[in-house]
Amino acid sequence: MKKTISYLTLLMFAVLMYGPILPAQEVDQTEQREAELAMAESFRAGFQEIVDDLNSGSFERFTNAIDQPAMLERIFALRLINQRIKKQFRENFEFAIEPMVKALLTSGDDGAKATLLNIDSRGDFGRATVRYELPNFQYNYHEYDLRLNRHGGVVIVDWTDFLQGEKFSDGLGETLIMAAPSDPAVRKLLDFKNARPRHIFQMAQLLKAARDHDVNRYFEILESLDEQMQRQRIAVVTTVHLTKQVRKRRKLRTALIAVAKYFPEEPLYSLMLLDYYFPARRYEEALQALLRLEKRLGVEDGVMKARLSAAALVADKPEDAASFAERAVTLEPGLELGWWSTLQASTAQSRFDTAIKALVVLEKQFGRTLDSEALQKDKKFTGLLASSQYKEWLVSRKQAAATP
């Protein structure tokens, strides 16, 4: 009598011999996840190499990663750029791109100091957030649009510069229009239809004055515009850029007042607005601008938390200031700005033990000298200097220095 082998027995035998039998859909999903992880790693490793190259003083990897033909098309886009200027720019772009990038990414003679904060990807498209260190504890953020080429290499598609308040391609495209602003080109820059010929003429003259760095002529034209024209994004942002380039601080303040008036909620302009809010003691607005920028970037970093701490402290929110400072040094223990924020926020709350901890780090890790002579220059530290904790620390500090 023949024995019947059950379906269950055959299935168990197949599993033991050949491994689990997965439905085709599950196999496809597994392969898709593995491919996604592989592409994510390509983005992370590839862009980290670009950032490391920048920090070594080289811009080669960065400029080589830019798809120049595609970037040119983004710069030109549908803008009505003078054909002669367009041709010259196209012919020289290959040689001009590295000096332009170097000028944008560096400040002074120190080269680029970049930190990759975050990178996200979906398929062969990615986005990276990078922080750039500037002199005097100032910082900028860039957001990079990326893709992978057919060899798995990272390609830089474009990027947003938050200190400039614009995309790289937009800034260059509008600069090319300024070189020879035709009426149709100017009309396309405006955010309303049916602009009168008088408006077009005035805006063209304004852009020419910006091109020539003729500040007096520029403001003469700007002040003659009606409000509908003054509030145009191209006019507002160009005024900021021009006054920065020619280093006219009073005119820059006027330019930033216009940004605050017409674009108060725009996170793209948050960084530039800090140069107005803090000197004008509009601390709550500075705090809110930083919070909007943090939300827009979608990433936590120590610098942002330290700057939020400083803004909260002067906005008379000491508890928030302390919380932001604590988060700053938790995120980045090696960030000097975070420890300065901790020192100031904890001093304001009379948390002198925490303030002493910050003093120790600032002296040992960053080479600062924070004795009584240094701290008494700032009235904010009067309470700390009078505290028993600080006096005890001074004694231990002297004893440690005297020990061979």
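Residues numbered from 1 in each chain as written. Predicted model: local features only at pLDDT ≥ 70, side-chain atom pairs only at ≥ 80, totals over all residues. Heavy atoms only, no water.

## Re the overall build of the protein
The criterion, for reference: Helix and strand definitions follow DSSP, with helices as H or I runs of at least four residues and strands as E runs of at least two, each counted in order from the N terminus. Only protein chains enter the accessibility calculation, which uses a 1.4 Å probe; a residue is then buried when its area is under 20% of its type maximum, exposed when over 50%, and partly exposed in between. Contacts are assigned to residue pairs that have any heavy atoms within 4.5 Å of one another. For accessible areas, the Shrake-Rupley method is used with a probe of radius 1.4 Å. Any residue's cover is judged against the shown protein chains and nothing else. Counted as positive: Lys and Arg. Counted as negative: Asp and Glu, with His and the chain ends omitted from the count. By convention, charge coordinates are those of NZ in Lys, CZ in Arg, CG in Asp, or CD in Glu.
Helix and strand content of the protein: 21 helices and 5 strands. With the C-alpha coordinates of the protein rotated into their principal frame, the extents come out at 105 × 75 × 40 Å. Of all 404 residues assigned to the protein, the portion counted as buried reaches 44%. The long-range fraction of contacts in the protein, counting pairs at least 24 apart against all pairs at least 6 apart in sequence, stands at 53%. Summed over all atoms, the accessible surface of the protein reaches about 22,700 Å², with 51% contributed by carbon and sulfur. Averaging the positions of the 56 positive and the 55 negative side-chain charges in the protein gives two centres separated by 4 Å.

## Structural notes on unusual backbone geometry
Excluding glycine, residues mostly carry a negative phi; peptide bonds, for their part, are mostly trans. Its identity as a non-glycine residue notwithstanding, Phe-137 has a phi of 60°, on the positive side. The topology assignment puts Phe-137 in the loop between strand S2 (125-134) and strand S3 (138-148). Overall, the relative accessible area of 32% leaves Phe-137 in the partly exposed class. One non-glycine residue, Arg-247, lies in positive phi territory at about 60°. Tracing the backbone shows Arg-247 in the loop between helix H11 (233-245) and helix H12 (249-262).

## Brief notes about the nonpolar core
Put simply, the rule is: Definition of nonpolar core: a set of buried residues of the types Ala, Val, Leu, Ile, Met, Phe, Trp, Tyr and Cys, connected through side-chain atoms within 4.5 Å.
Counting residues in hydrophobic clusters, the biggest one holds 61 residues, and the most contacted among them are Phe-47, Phe-62, Tyr-144, Leu-146, Ile-156, Trp-159 and Met-203. Among the elements that make up this core, the one with the highest residue count is helix H8 (residues 197-211) (7 residues). Filtering out sequence-adjacent residues up to four positions away, Phe-62 remains in contact with Ile-50, Leu-54, Val-101, Leu-105, Tyr-132, Tyr-144, Ile-156 and Trp-159. Judged by nonpolar contacts, the second largest core, of 43 residues, contains Leu-287, Ala-289, Val-303 and Ala-322.

## A few points about the pattern of salt bridges
Our working definition: By definition here, a salt bridge exists when the distance from a side-chain nitrogen of Lys or Arg to a carboxyl oxygen of Asp or Glu is within 4 Å.
Overall, the coordinates contain 25 salt bridges when judged by the stated rule. Residue Lys-167 pairs with Asp-145 through a salt bridge whose shortest N-O separation is 2.8 Å. Here Lys-167 is found in strand S5 (residues 166-167), whereas its partner Asp-145 is found in strand S3, with 22 residues between them in sequence. Of the charged contacts, one joins Arg-217 and Glu-220 as a salt bridge, the two residues approaching to 3.2 Å between their closest N and O atoms.

## Quick word on the packing of helix H14 (residues 283-297) against helix H15 (residues 302-314)
The following threshold applies: To get an axis, fit a line to the C-alpha atoms, keeping to the stretch in contact for a helix; angles then go from 0 to 180 degrees between the N-to-C directions. Geometric relationships in this document are graded by angle, where less than 35 degrees denotes roughly parallel, more than 145 denotes roughly antiparallel, 65 to 115 denotes roughly perpendicular, and other angles denote oblique. In this scheme the crossing of two helices becomes right-handed for a clockwise turn of the near helix relative to the far one and left-handed for an anticlockwise turn of less than a right angle. When residue character is reported, Ala, Val, Leu, Ile, Met, Phe, Trp, Tyr, Cys and Pro are called nonpolar, Asp, Glu, Lys and Arg charged, and the others, Gly included, polar.
With their axes 8 Å apart at the nearest point, H14 and H15 run at an angle of 160° to one another. Considering their axes alone, H14 and H15 lie roughly antiparallel with respect to each other. The two elements H14 and H15 cross, and the hand of that crossing is left-handed. For the pair formed by H14 and H15, the contact residues are Tyr-283, Leu-287, Leu-290, Leu-291, Leu-293, Glu-294 and Leu-297 on the first element and Met-304, Lys-305, Arg-307, Leu-308, Ala-311, Ala-312 and Val-314 on the second. Considered class by class, the residues forming the contact of H14 with H15 number 11 nonpolar, no polar and 3 charged.

## Details of the confidence of the model for the protein
Basically, it comes down to this: Confidence of the prediction at every residue is given by pLDDT, a number between 0 and 100.
In this model, the protein carries an average pLDDT of 91, and 92% of its residues clear a pLDDT of 70 or more. Low pLDDT, under 50, characterises residues 10-19; the predicted model gives this stretch 5 contacts beyond four residues in sequence or across chains.

## Thoughts on the side chain of Asn-140
This is how it is decided: What qualifies as a polar contact is a pair of N or O atoms within 3.5 Å, subject to a donor-acceptor requirement within protein and to the restriction that residues adjacent in sequence count only when both atoms come from side chains.
Structurally, the position occupied by Asn-140 is in strand S3. For Asn-140, a relative accessible area of 6% gives the class buried. One polar contact links the side chain of Asn-140 to the main-chain amide nitrogen of Leu-163, over a distance of 3.0 Å. Not counting the four nearest positions on each side in its chain, Asn-140 is found in contact with Val-130, Arg-131, Tyr-132, Leu-134, Asp-161, Phe-162, Leu-163 and Leu-271.

## Observations regarding the sheet that holds strand S1 (residues 114-122)
What counts, and what does not: Paired strands are those between which DSSP finds at least two bridges.
Taken together, 5 strands build an open sheet; the order of strands is S1-S2-S3-S4-S5 and the sheet is antiparallel. With one partner strand each, in any of the chains shown, S1 and S5 form the two edges of the open sheet. For strand S4 (residues 154-161) and S5, the ladder comprises 2 bridges, and the chain directions are antiparallel. Bridge pairing in S5 links Thr-160 to Lys-167.

## What to know about helix H18 (residues 352-364)
To keep it simple, the criterion reads: Expected span, for any helix, means 1.5 Å times one less than how many residues it has.
Between the first and last C-alpha of H18 there are 18 Å, a value that for 13 residues agrees with the 18 Å anticipated at 1.5 Å per step. Listing the buried residues of H18 in full gives Phe-352, Ala-355, Ile-356, Ala-358, Leu-359, Val-361, Leu-362 and Glu-363.

## A word on the packing of H15 against helix H16 (residues 318-331)
Packing of H15 against H16 leaves a shortest axis separation of 8 Å and a crossing angle of 165°. If you check the angle between H15 and H16, you find them roughly antiparallel. Every pair of crossing elements has a handedness; the one defined by H15 and H16 is left-handed. Between H15 and H16, the contacting residues are Gly-302, Lys-305, Ala-306, Leu-308, Ser-309, Ala-312 and Leu-313 on the first element and Pro-318, Asp-320, Ala-321, Phe-324, Ala-325, Arg-327, Ala-328 and Leu-331 on the second.

## Quick notes on helix H5 (residues 83-105)
Heads up, the rule is: Note that the bend at a residue is defined as the angle between axes fitted to the seven residues ending at it and the seven residues starting at it.
Of all the bends found along H5, the most pronounced is centred on Phe-93 and spans about 70°. Restricting attention to buried positions, one finds in H5 the residues Ile-85, Lys-86, Phe-89, Phe-93, Ile-97, Val-101 and Leu-105. Capping the start of H5, Asn-82 holds a side-chain oxygen 2.9 Å from the backbone nitrogen of Arg-84, two or three residues further along.

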